[in-house]
Amino acid sequence: MAIHAIGDVQGCYEPLARLLDVLKVDPASDELWFVGDLVNRGPHSLEVLRLVKSLGRAATVVLGNHDLHLLAFGLTGQARAADQNLRAVLDAPDRGELLDWLRARPLAHYRPDLNTLMVHAGVAPGWDPLQTVKLAREVERILHGDGCAAFLAGMYGDEPARWSASLQGTERLRFIVNCLTRIRYCDADGRLDFVQNGPPGSQPAGLMPWFEVPGRATQAVRVVFGHWSALGFLQRANLLGIDSGCVWGRSLTAVRLDGPARVTAIPCSPSTPAR
């Protein structure tokens with residue numbers, strides 16, 4: 001048995017298939033944790049969804065911002081110009097089955113026995129692992145229910161930028177989504193910034209990577225995340241960033257989580273993705 005975390009695939013089917021082959025994955029005994037963004041930008045989102053779905057209980061997937069873009073496109077018709085390559089999914093005969101499977105995925109996954117929390121992008125500085133999962137469940141209940149399309153239609157926006165337990169309704173849900181699927185930088189008070197997306201050191205004064213905020217409540221748990229290709233592979237004590245830029249022609253990375261953190265990286269070819 002082995003447990004591997006896999007970085008952002010973003011529609012890059014061939015590198016994913018090669019990675020699973022190198023890892024010699026046995027779906028009957030192994031676990032694969034995907035940090036989200038299975039789809040978009042790369043050329044084969046449909047094939048990636050079908051492959052990961054076919055892994056059944058062996059695959060644990062947290063939703064990324066591009067996965068939510070697909071759900072919004074498919075369930076509300078709302079799409080950005082960069083989402084047009086998702087039409088292959090929406091034109092597929094198994095479209096409904098794939099969208100239903102995707103919207104049943106969580107936004108956070110926590111395994112206390114491994115001392116590991118997985119999210120797509122990051123965690124608000126004041127949230128501990130249990131609170132993170134509890135808040136993620138608030139959004140998941142909406143995604144799983146009849147109010148999914150209405151929520152997705154109002155999901156987009158950068159405000160509120162700071163967490164408060166008093167937030168309610170759409171604003172509360174939007175902050176949770178933005179934090180778990182979009183965060184890179186914030187200030188010392190936990191105010192999110194969605195303008196800066198370069199590597200650490202490129203940001204203006206007063207901003208810092210979310211994981212460098214002093215007193216972060218998840219410091220004692222290993223946080224596995226993706227989303228930040230400009231950051232690249234990052235391995236620190238209790239911190240594992242594994243978006244190594246597959247869709248940009250760099251690599252697709254897997255890290256073993258049970259036992260020594262063995263890293264496997266598959267070289268990728270550029271997919272000329274839409275930004």
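Bear in mind that the values here come from a model prediction, so they are computed numbers and not experimental data. (Residues numbered from 1 in each chain as written. Predicted model: local features only at pLDDT ≥ 70, side-chain atom pairs only at ≥ 80, totals over all residues. Heavy atoms only, no water.)

## Here's the deal with the packing of helix α2 (residues 45-54) against helix α5 (residues 95-103)
Viewed as axis vectors pointing N to C, α2 and α5 meet at an angle of 65°, and their least axial separation amounts to 11 Å. Classified by chirality, the crossing of α5 by α2 is left-handed. Contacts between α2 and α5 involve L46, L49, R50, V52 and K53 from the first element and E97, L98, W101 and L102 from the second. Looking at the contact of α2 with α5 residue by residue, the classes come out as six nonpolar, no polar and three charged. (Axes fitted to C-alpha atoms, helices over the stretch in contact; angles between N-to-C directions. Helix = DSSP H or I, 4+ residues; strand = E, 2+ residues; numbered from the N terminus. Left-handed = near helix turned anticlockwise from the far one by under 90°. Contact = heavy atoms within 4.5 Å. Nonpolar A, V, L, I, M, F, W, Y, C, P; charged D, E, K, R; others polar.)

## Points about the environment of F73
With respect to the element layout, F73 can be found in helix α3 (residues 65-76). In this structure, the C-alpha to C-alpha distance between F73 and L90, residues 17 residues apart in sequence, is 8.5 Å. Residue contacts for F73: discarding those within four places in its chain leaves Q78, A79, D83, Q84, L86, R87 and L90.

## Points about the nonpolar core
F34, L38 and W127 are the most contacted members of the largest nonpolar core, which has 81 residues in total. At six residues, the largest contribution of residues to this core is made by helix α8 (residues 169-182). Those residues within four positions of W127 in sequence are excluded, and the remaining contacts are T132, L135, W163, F175, I176, C179, L180, A217 and T218. Grouped together as the second largest cluster of nonpolar side chains are 12 residues, I3, W33, I242 and L257 included. (Core = buried A, V, L, I, M, F, W, Y, C linked by side-chain atoms within 4.5 Å. Buried < 20%, exposed > 50% of the residue type's maximum accessible area, 1.4 Å probe, protein only.)

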